Amino acid sequence: MRFFMKALHFGSGNIGRGLVVPILQKSDYEVYLADVDTNLIQLINKFNKYRINIIGNKNRYFQDIFNVKCIDVNSHYFSDYLFCVDLVTISVGVNNLYTVAIKIVNNIIIRFKKNHKKVLNIIVCENIVLGGTKFKKIVLKMLPLHIHQYCHNYIGFIDSCVDRIIPLTNHNNDYNHPSCLDVSVEPFYEWVIDQKQYKGCYKHIVGIVKTKNLSFFLDRKFFILNTGHAILAYFGLLHGYETTYQAINDMNVKNIVQQSMKESMNVLNSKYNQIIDKNDIYISSVFDRFNNKNITDYLLRIGRNPINKLKKQDRLIKPIIQAIQFNLSYKYLLYGVASALMYKNIHDNEAIKLQNLIKEYGISLVLYKVSEIDVHHYLNNEIVYLYNKIKKNI
Ligand SMILES: NC(=O)c1ccc[n+]([C@@H]2O[C@H](COP(=O)([O-])OP(=O)(O)OC[C@H]3O[C@@H](n4cnc5c(N)ncnc54)[C@H](O)[C@@H]3O)[C@@H](O)[C@H]2O)c1
Ligand SMILES: O=P(O)(O)OC[C@@H](O)[C@@H](O)[C@H](O)[C@H](O)CO
C-alpha cells in the first residue's frame, strides 16, 4: 500500500463510492470518506471495503475497493482529519453544501491560526454549474474578513463536471455482509476540473481531465444529459413508468426527450458559435447510456428535488430562456417544465412543497416564485397552457 497524499470526500453516497474513491485511490491518495449518516458510517467502518459493479449493456465486471474509512463530520475528531488533507472533494447534494461550508470555514480558521502553509484544494462535484465558485462565495460570506487573504493564498475552490450514472443503491438489507455497501455504475465516467483554479503544484490524478475551458464540458453535460434526463423522468413518470429503461422505450416519451435535447443543443451551438455535437454523436451516446437495460435507475431518483431543478439557472428553465434570446425553438423543452410541475413523491420534501405551493398559489404564480418567470411573460402563459393540456390527457 503506497499512500502519498491525503484526501477527504464529503458524501459517502453513490458518486462518492462509485466514482470519487476509485479514482483518487488509483492515484495513491489515502481517501477518508466523511458523512452525516451514522448507519452508513458504521457500516463503512465495519467492513472497510465494498464492490463497484460496473454494468454496461453488453458486459459487466467489478472493481473491489479496500481500505475505506468513514469519518462522522459531527465527531469531535473530524477537524483533525480535515486539517491534514491536501484535497477535499464534495458530493453531498446541492441542498447540503451550506453545512459542508461551515466545516470548511472552521477549518480555514484553524489553518490560519496555526499559520499552516499547506495548500488545500476543494473540488465540488455536485450537479450544478460552477459549483466550486458558488461554494467559495458561501465560504467567504462566513469567513472573517481578516482571513480572506489567507484563504485566497492557500485554498483552491475548483469547479468541476462529474458524469457517471449511478442509480440508488439497492441495499440487500443484509447489514452483516459487505455487499450492503456495493454500488452499481455504468462503465462510462468523466470528471473534468478547471485547471486555472487549482492552487499549488498539481499532482496528476488518473481519471481526472484538466481543462481551461470547463464551461464547454459543463454546459454540454448539464444542458444536454441532465436536461434530457430530467425530462425523461418527469414525462416518463406521467406515463406510468418507473425506470429510465422503461420510459426511453416508449416512442412518445423518447421523441419528446430527443427533440428537447436537440433544442438545448441548438442553444449551445449558438452560445459557443460552433457546432458542439457534429452528427448528434453526443446526444446519441447519452441516449445509449439512458437505454442501459441492465441498470435499474428509478425516475424518482432523477426527478428528485424538483424545486432546485425548476430554478432559473437549472437544466429545465435556462435552455428555454436562452432559446428565446437566440430566437430558437423551445417547444419540446416546455414539456420538461410542465411535467416537472406535476411531479409527486411523498418521500421527497421538495416535491411535497412544490405541490403545496401549487395548491396555494396556482401554476402561474409558482412559476414566478420558483422559476422567476414573470406572470405577464408569454413564457409563463405557454407553460400554464401546456400544463393544463397535459393534465387533461393523463
Ligand atoms: N448519482 C449520480 O448519477 C450522480 C452523477 C453525477 C453527479 N451527481 C451529484 O452528486 C451529488 C450527490 O449525489 P449522490 O447520487 O451521490 O447522492 P447520495 O444521496 O447517494 O449521496 C449523498 C451523501 O451525502 C451525505 N451527506 C449529506 N449531507 C452531508 C454533509 N453535510 N456532510 C457529509 N455528508 C453529507 C448523505 O448522507 C449521503 O450519504 C448530487 O449533487 C448529484 O447531483 C450524482
Ligand atoms: O443528481 P441530480 O438530482 O442533479 O440529477 C439526477 C440525474 O440526472 C443525475 O444524477 C445523473 O445521473 C448524473 O448527472 C449523471 O452524471
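The model shown is predicted, which means the values in this text are computed figures rather than measured ones.

Each value, and the rule that gives it
Residues numbered from 1 in each chain as written. Chains lettered and ligands numbered in written order. Predicted model: local features only at pLDDT ≥ 70, side-chain atom pairs only at ≥ 80, totals over all residues. Near = placed C-beta within 6 Å. Nonpolar A, V, L, I, M, F, W, Y, C, P; charged D, E, K, R; others polar. Domains from an automatic or database assignment. Helix = DSSP H or I, 4+ residues; strand = E, 2+ residues; numbered from the N terminus. Contact = placed C-beta atoms within 7 Å. Buried ≥ 20, exposed ≤ 12 C-beta atoms within 10 Å, placed from the backbone. Pairing = 2+ DSSP bridges. Right-handed = clockwise from strand over helix to strand, strands pointing away. Axes fitted to C-alpha atoms, helices over the stretch in contact; angles between N-to-C directions. UniProt positions renumbered as here; feature names shortened; annotations may be inferred. Arc of directions from axis to C-beta. Expected span 1.5 Å × (residues − 1).

Details of the site of ligand 2
Point 1. Around ligand 2, a shell composed of Asn-127, Asp-163, Arg-164, Ile-165, Asn-226, His-229, Ile-302, Arg-304 and Asn-305 is seen.
Point 2. Its residues assigned to classes, the shell around ligand 2 shows two nonpolar, four polar and three charged.
Point 3. The residues that make up the shell around ligand 2 include at least three from each of domain 1 (5-211) and domain 2 (216-393).

Focus on the environment of Tyr-282
Point 1. Relative to the helices and strands, Tyr-282 resides in helix H10 (residues 281-290).
Point 2. Each C-alpha atom, one on Tyr-282 and one on Met-265, is 9.7 Å from the other, the two residues being 17 residues apart in sequence.
Point 3. For Tyr-282, the residues in contact, after removing those within four places along its chain, are Arg-220, Ile-224 and Asp-277.

Remarks on the pairing of strand E2 (residues 29-35)
Point 1. Counting buried positions along E2 yields six of seven residues, so the element is predominantly enclosed.
Point 2. For strand E1 (residues 5-10) and E2, the ladder comprises six bridges, and the chain directions are parallel. In the sheet register, Phe-10 faces E2, and the bridge partner there is Ala-34.
Point 3. Crossover E1 to E2 through helix H1 (residues 14-26) is right-handed.

Brief notes about the sheet that holds strand E9 (residues 160-163)
Point 1. The sheet built from three strands is open, its strands ordered E9-E11-E12 with mixed pairing. At either end of the open sheet lies a strand with only one pairing partner, and these are E9 and strand E12 (209-211). Each strand axis lies, on average, 20° off the axis of its neighbour in the sheet, ignoring direction.
Point 2. With four bridges joining them, E9 and strand E11 (residues 190-194) adopt antiparallel strand pairing.

Quick look at the site of ligand 1
Point 1. Among the 27 residues in the neighbourhood of ligand 1, the closest are listed as Gly-11, Gly-13, Asn-96, Glu-126 and Asn-127.
Point 2. For the shell around ligand 1, the secondary-structure elements that each account for two or more residues are H1, E2 and helix H4 (97-113).
Point 3. Of the residues that constitute the shell around ligand 1, the class distribution is 13 nonpolar, ten polar and four charged.

Digging into the domain arrangement of the protein chain
Point 1. Its domain assignment divides the protein chain into domain 1 (5-211) and domain 2 (216-393).
Point 2. Each of domain 1 and domain 2 was reduced to a C-alpha centroid, and the two centroids are 28 Å apart.
Point 3. Counting residues at the interface gives 18 residues for domain 1, matched by 18 residues for domain 2.
Point 4. Partitioning the side of domain 1 that touches domain 2 into residue classes produces nine nonpolar, six polar and three charged.

Thoughts on the UniProt feature "domain: Mannitol dehydrogenase C-terminal" (unreviewed entry) in the protein chain
Point 1. This chain's UniProt record puts "domain: Mannitol dehydrogenase C-terminal" (unreviewed entry) on residues 214-389.
Point 2. In residues 214-389, the share of helix is 68% and the share of strand is 0%. The end C-alpha atoms are 39 Å apart.

A word on H10
Point 1. For H10, the set of buried residues is Val-286, Arg-289 and Phe-290. Looking down the long axis of H10, one finds its buried residues gathered within 100° of arc, a one-sided arrangement. Of the exposed residues in H10, those oriented more than 90 degrees away from the buried face are Ile-281 and Ser-285.
Point 2. Summarising the contacts, the buried residues of H10 are in contact with helix H7 (214-238) and helix H8 (244-248).

Quick look at H4
Point 1. Counted at 1.5 Å a residue, the expected span for H4 with its 17 residues is 24 Å, and the 24 Å between its end C-alpha atoms agrees.
Point 2. Within H4 the residues assigned to the buried category are Leu-97, Val-100, Ala-101, Ile-104, Asn-107, Ile-108 and Arg-111. Relative to the axis of H4, the buried residues are bounded by an arc of 130° and lie together on one face. Along H4, the residues that are exposed and aim more than 90 degrees away from the buried face are Tyr-98 and Lys-113.
Point 3. Among the residues trailing H4, Asn-115 stands out with phi positive, at a value near 55°.

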